[in-house]
Structure formats: C-alpha cells, structure tokens
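Secondary and tertiary structure notes
Given next are the chains, with one letter for each unit.
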Amino acid sequence: MSRFTESDFLRYTLDNPTGISEITQRTLPDGSLLTVSASGVLTVEPAQPATALDLVLSCGVHGNETAPMELIRDMIHDLLDGTLRIGVRLLILIGNPVAANLSQRFEQVNMNRLFSASHTQFDCWEAQRAAELEQAISDFFSAGAEGSERCHYDLHTAIRGSEYEKFAVHPFTHGTPCNAKQLGFLAACGINALLFANKPSTTFSYSSSHQHGAHAFTLELGKVYPFGQNDLSRFALINQALRTLISEGRFSQGNWQQELICFNVCHELLKDADDFELDIATDVKNFASFNQGERVAHSSAGEYRAQSEGEAIVFPNANVPIGGRAALMLAAIAPEAINID
Ligand SMILES: [Zn+2]
C-alpha cells in the first residue's frame, strides 16, 4: 500500500501521515494528470485549461477541522471518476494529517503560526510540515504559466460558535487594494463577514499573499465536529462555488456590499502575564461585541477596555504562551471605506 490507487485521498493521507514511499501519477478521464508527490500533497494539471488560474485549496492545517477535509476528499473522488471536470491548475493540501489522526488541532505547535519561515524557530513535526507545505506552494506557483492568476483558499472550521457562521480573514496587503471579484466570490461562497488584518502574520494565507502575490484568504466555515459527523449540506454554497471554479475557472459572484459585514482589526490582545484573563464567558461567540469602555481582559500587568462602541472580539483564547495572541478586537467598517481595485 504505497501508491494512491483508490479514490479516497483523505483516507490515503491519514494512512500515510508523515510521508509516502512512492510518487503516484494518474490520468483522469479527460486526460488531465493527477500527481501525489508527498503526504497530503496532490496536484492536477488540466488537459484542457479553461483559464489561466493556479488554484491552491488547503484544509486540515488544524488537524481536528474535519469538514473541509471531507469536502476536498469528495472533490478529488469526483475528479477521479470524471464527474467533476478540471479546468484550472490545482494544488490540494491536507495540512496536518498527524494531528488529524490524533483528533487534535496540532501535535506540538499551532501550525498556522509557523509560515513565512517562522517554522525555522521550532523543531517539531508542525515546523517540518509547514516548511514542506510552503515548498509545495512555491513549486506549484513557479511551475505555472507567466501571468497566471494565483489564488489560495485555506479552509478551516472553529471550535467556538460565531455570530457570523462563515467568515474570512483577508491577510494584510501592505496597502495593495483588495480585489472586488474576490469579495464577490466570498459572498457567493456564503461567507457572512470579512476581517482585514492590520499587519503581517505567520498564517498560511498571509504567506501565499505576500510571498507569491496570490489572492489568499483564511476561510472559517462553521463548527468543528469529528470525522463523519459533519453536515456537509451546511457547506453547499462554498462547495458549489469551488467546484465551478475548479471546472470552469469562473469566480461565482455574490453582492458583497450587501452580504459581507466588514471589520478592521483595531487591536491585538496579547497575553501579558501568567494571570491574564479574558472577561468573557467561556462559550462567548466570535464577533460578540462590547460597549465602549467595557473591560475585555485584565492581568497583573494591565487591562484592555473596548475603545469604541460595538467593538467585537474574535479568536479569543487565553490558553496561549505569554506574548501570544489571546484575541483580535474588531471595528466594523462600511463597504465604501474599503480600498478596492
Ligand atoms: Zn483552523
């Protein structure tokens, strides 16, 4: 059992979580070439490209976020039997199969803090894997045609509930305007909210955006459930939009000005002492909001109060090392205030 000969790429990846002994190449019904070059790393080169698009879909960067892995598994199944056609260059990445086999977010270190070469500061499975994934993306984009559009959607689900079930993080752009077609695509995917990062980060999507000039987003698509317990019908819109993109190279469009609530990150809450505490209920939802002046966190080293009315919190987690990010604070912005190309 070394080559990928069946149709369940997720099963194959979980059975070979740290590496494969042999590269697999298979021809799809339309003559396109599918290659599995490493554990969880699969590319398809289309025989009949519909458009010059290099598309990366990653999932399972956090090992317990199973629904996106199941969506991707089903897409690959359908590519193999020809029911899903391929019109773009495609790279699929199943991010952290070691953690997935443990039903854990990560084995030792949160991998979505290890990109843009920050993996060099660690010596663990996730650091090694982040380097391997970044290399796979580099190889994929550099093998694409000159001038091809580059996209990377990094698919996640969250442990915490959310006021907006599906939301996207736009990595920091260093002043580059955002792309209206991408925002329309997010709306068509059923994304309800978009937050704009205010500085560089070590996430996977920032790495693809900054290193490779890709349109890249972190997509949070709903709640975490174990393998086999996801209601994949809750992902129908994004599933359909991604399949249209794969087969036709076309970005389905929604009305983002009406369908996306947009936020700027206005403050990053850092854990500043061992006794740091967030002043929120443990089951508070992402995007829960505060009154101006309301205390959000405190420790022996200081406190943070909401700077403006309706400031919202996302990704709260006090269980991080000192100096680590305990939450992001957000301020809503009007669509007209967004810098669009
Ligand atoms: Zn995640």
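This text follows the structure it describes.
These notes cover the structure that comes with them. Here the structure is a predicted model, which is why all the values come from computation and not from measurement.

Cut-offs applied
- Residues take numbers from 1 onward in each chain, read along the sequence in its written order.
- In view of the model being predicted, local features appear only for residues whose pLDDT reaches at least 70, and side-chain atom pairs are presented and counted only at 80 or more, with totals across whole chains, interfaces and linings using the full set of residues.
- Each side-chain value is derived from all of the structure's non-hydrogen atoms; neither hydrogens nor water enter the calculation.
- DSSP calls a pair of strands paired once it identifies at least 2 bridges connecting them.
- Helix and strand assignments follow DSSP, with helices taken as H or I runs no shorter than four residues and strands as E runs no shorter than two, numbered in order from the N terminus.
- Axes here refer to lines fitted to C-alpha atoms; in helices the fit is confined to the stretch in contact. Angles between the N-to-C directions go from 0 to 180 degrees.
- Helix crossings fall into two classes, left-handed where the near helix is turned counterclockwise from the far one by less than a right angle and right-handed where it is turned clockwise.
- It only takes one pair of heavy atoms within 4.5 Å for two residues to be counted as in contact.
- Only Asp, Glu, Lys and Arg are considered charged, only Ala, Val, Leu, Ile, Met, Phe, Trp, Tyr, Cys and Pro nonpolar, and every remaining residue, Gly among them, polar.
- Coordinating donors are taken as N, O and S atoms within 2.8 Å of the metal, stretched to 3.2 Å for Na, K and Ca; because water is absent from the atoms, sites can appear incomplete.
- The rule is simple: four donors are tetrahedral if all their angles sit between 85 and 135 degrees, four are square planar and six octahedral if opposite donors span more than 155 degrees and the others lie between 65 and 115, and anything that fits none of that is irregular.
- Stacked, edge-to-face and tilted labels apply to pairs of Phe, Tyr and Trp rings (six-membered ring for Trp) whose centres lie within 6.5 Å, assigned for plane angles under 30 degrees, over 60, and everything in between, in that order.
- Accessible area is worked out with a 1.4 Å probe on protein chains only. A residue is then buried under 20% of its type maximum, exposed over 50%, and partly exposed in between.
- Criterion for a charge above a ring: Arg CZ or Lys NZ at most 6 Å from the ring centre, at most 35 degrees from the ring normal.
- We place a 1 Å grid over just the protein atoms. Points where a 1.4 Å probe fits but has no way out form a cavity, open points with protein on both sides within 12 Å along at least 5 of 7 lines form a pocket, and any residue with an atom within 4 Å of a point lines it.
- Grid points are joined across faces, edges and corners, and a volume is the space filled by probe spheres set on the points.

**Things to note about the sheet that holds strand β14 (residues 302–305)**
In spatial order, the strands read β11-β13-β14; together these three strands make up an open sheet with antiparallel pairing. Single-partner strands in this sheet number two, and they are β11 (277–278) and β14. Judged from the two bridges that link them, β11 and strand β13 (residues 295–299) form a sheet pairing that is antiparallel. In the strand pairing of β13, Leu-278 is matched with Ala-297.

**Section: the packing of helix α4 (residues 125–142) against helix α6 (residues 204–212)**
The contact between α4 and α6 brings their axes to 11 Å, and the two run at 35°. Helix-helix and strand crossings are classified by hand; for α4 and α6 the assignment is right-handed. The segment α4 lies against α6, with Leu-133, Glu-134, Ile-137, Ser-138 and Phe-141 engaging Phe-204, Ser-207, Ser-208 and His-212. The residue makeup of the contact of α4 with α6, split by class, is four nonpolar, four polar and one charged.

**Notes on the coordination of the zinc ion**
At this site the zinc ion is bound by His-62 (ND1), Glu-65 (OE), Glu-65 (OE) and His-156 (ND1), with donor distances of 2.0 to 2.3 Å. Each of the four donor atoms around the zinc ion contributes to a set of angles spanning 58 to 147°, which defines the coordination as irregular.

**Section: the packing of aromatic side chains**
Scanning the entire structure with this criterion turns up 13 aromatic pairs. The interplanar angle of 40° and the centroid separation of 5.2 Å between the aromatic rings of Phe-4 and Tyr-12 together place this pair among those described as tilted. Classification of Tyr-12 by relative accessible area gives buried; the value is 4%. Centre to centre, the rings of Tyr-153 and Phe-185 are 5.3 Å apart; their planes meet at 40°, and the pair counts as tilted. Linking Tyr-153 in strand β6 (residues 149–158) with Phe-185 in helix α5 (residues 180–188), this pair joins segments that are 32 residues apart in sequence. Of the two residues, Tyr-153 and Phe-185, both sit in the buried class. Clustering of aromatic rings is evident, with ring pairs tying together Tyr-164, Phe-167, Phe-263, Phe-287 and Phe-315. Seen from the ring of Phe-4, Arg-26 lies directly overhead, with NZ or CZ sitting 4.9 Å from the centre. Lying across the ring of Phe-235, Lys-166 places its NZ or CZ 5.2 Å from the centre.

**Details of the pairing of β14**
In this structure, β13 lies alongside β14, joined through four bridges in antiparallel fashion. Directly across from Ala-297, in β14, lies its bridge partner Tyr-304.

**Let's talk about α5**
Among the nine residues that make up α5, seven are buried, leaving the element largely enclosed by the rest of the structure. Those residues of α5 that sit buried are Gln-182, Leu-183, Gly-184, Phe-185, Leu-186, Ala-187 and Ala-188. Packed against the buried residues of α5 are β6, β7 (167–170), β8 (193–196), β9 (215–223), α7 (236–248) and α8 (256–259). At the exit of α5 stands Gly-190, carrying a positive phi of roughly 85°.

**What about the layout of surface pockets?**
Approximately 1300 Å³ is the volume found for the largest pocket. In this structure, the largest pocket is lined by 48 residues; those nearest its centre are Arg-105, Asn-110, Arg-113, Val-320 and Arg-325. Residue composition of the lining of the largest pocket, grouped by class: 21 nonpolar, 19 polar and eight charged. Together, 17 residues line the second largest pocket, and Thr-173, Thr-176, Ser-209, Ala-214 and His-215 are the ones closest to its centre. Listed by contribution, the elements that provide at least two residues to the lining of the second largest pocket are α6 and β9. Residues belonging to the lining of the second largest pocket are distributed by class as follows: six nonpolar, 10 polar and one charged.

Remember that the coordinates give geometry; whether it matters functionally is a separate question.
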